[in-house]
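These are the residues of each chain, in order.
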Amino acid sequence: MPRTPFHLWFVGIVSLLWNAGGAFDYVMTRTNAAEYLAAQPAARLMMLEQAPLWFDFTWALGVWFSVLGSLLLLLRSRFAGPAFALSLVGLIGSSIYTYGIADGGSMLAASGTMAIAFIILIPVILILLWIYARAMTKRGVLR
């Protein structure tokens, strides 16, 4: 087995911190944390209220498999790549509802510059994590 490169620890820790942000949002939203929800845009709250069950499923899939993928990277498990892939499936599903079906784009219109940056960054980072995990598996770093 090849020696674990430093970048694996760096990517694993940074990705875990990044994905913890998504997990925090999910938990605070799903537990109806009043202060957290009060800071959310009205369009998002309305979208979440009206969301179908399949949205909840895909959102949870996206969030929790990202966290799992980061943990599996740190554990040097070859299952990190598939976890990130499943997370990507969840992200695609939840994004279809959020930015397509839910309100025909008013969520995007209500989003500020920072929110739009996250809308772009989340799938880009997730795809890069998936590619990275696959590469580390091919190199034999993840077992």
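Note: the structure precedes this text.
The following refers to the structure shown. (Residues numbered from 1 in each chain as written. Predicted model: local features only at pLDDT ≥ 70, side-chain atom pairs only at ≥ 80, totals over all residues. Heavy atoms only, no water.)

### Describing the overall build of the protein
Consideration 1: Counting its secondary structure elements, the protein contains seven helices and zero strands.
Consideration 2: Along the protein, helices and strands appear, N-terminal first, in the series α-α-α-α-α-α-α.
Consideration 3: Its C-alpha atoms give the protein principal-axis dimensions of about 50 × 30 × 30 Å.
Consideration 4: Within the span of the protein, comprising 143 residues, buried residues form 38% of the whole. (Helix = DSSP H or I, 4+ residues; strand = E, 2+ residues; numbered from the N terminus. Buried < 20%, exposed > 50% of the residue type's maximum accessible area, 1.4 Å probe, protein only.)

### Details of the side chain of Q40
Consideration 1: You can see Q40 is positioned in the loop between α2 (34-38) and α3 (42-50).
Consideration 2: Owing to a relative accessible area of 17%, Q40 belongs among the buried residues under this scheme.
Consideration 3: Side chain to side chain, Q40 and R44 meet in a polar contact 2.9 Å long. (Polar contact = N/O pair within 3.5 Å; in protein donor to acceptor, adjacent residues only side chain to side chain.)

### Digging into the nonpolar core
Consideration 1: In terms of nonpolar packing, the biggest core is built from 15 residues, with L8, L73, A80, F84, A133, M136 and L142 touching the most fellow members.
Consideration 2: Within the residue set of this core, elements represented by two or more residues are α4 (53-74), α5 (80-101) and α7 (113-138).
Consideration 3: Contacts of A133, omitting those with residues within four sequence positions, involve L73, A80, G81, F84 and L142.
Consideration 4: Core analysis: the next-biggest nonpolar cluster, separate from the first, contains eleven residues, L48, W59, A60 and V67 among them. (Core = buried A, V, L, I, M, F, W, Y, C linked by side-chain atoms within 4.5 Å. Contact = heavy atoms within 4.5 Å.)

Any functional reading would require information beyond the geometric quantities listed.
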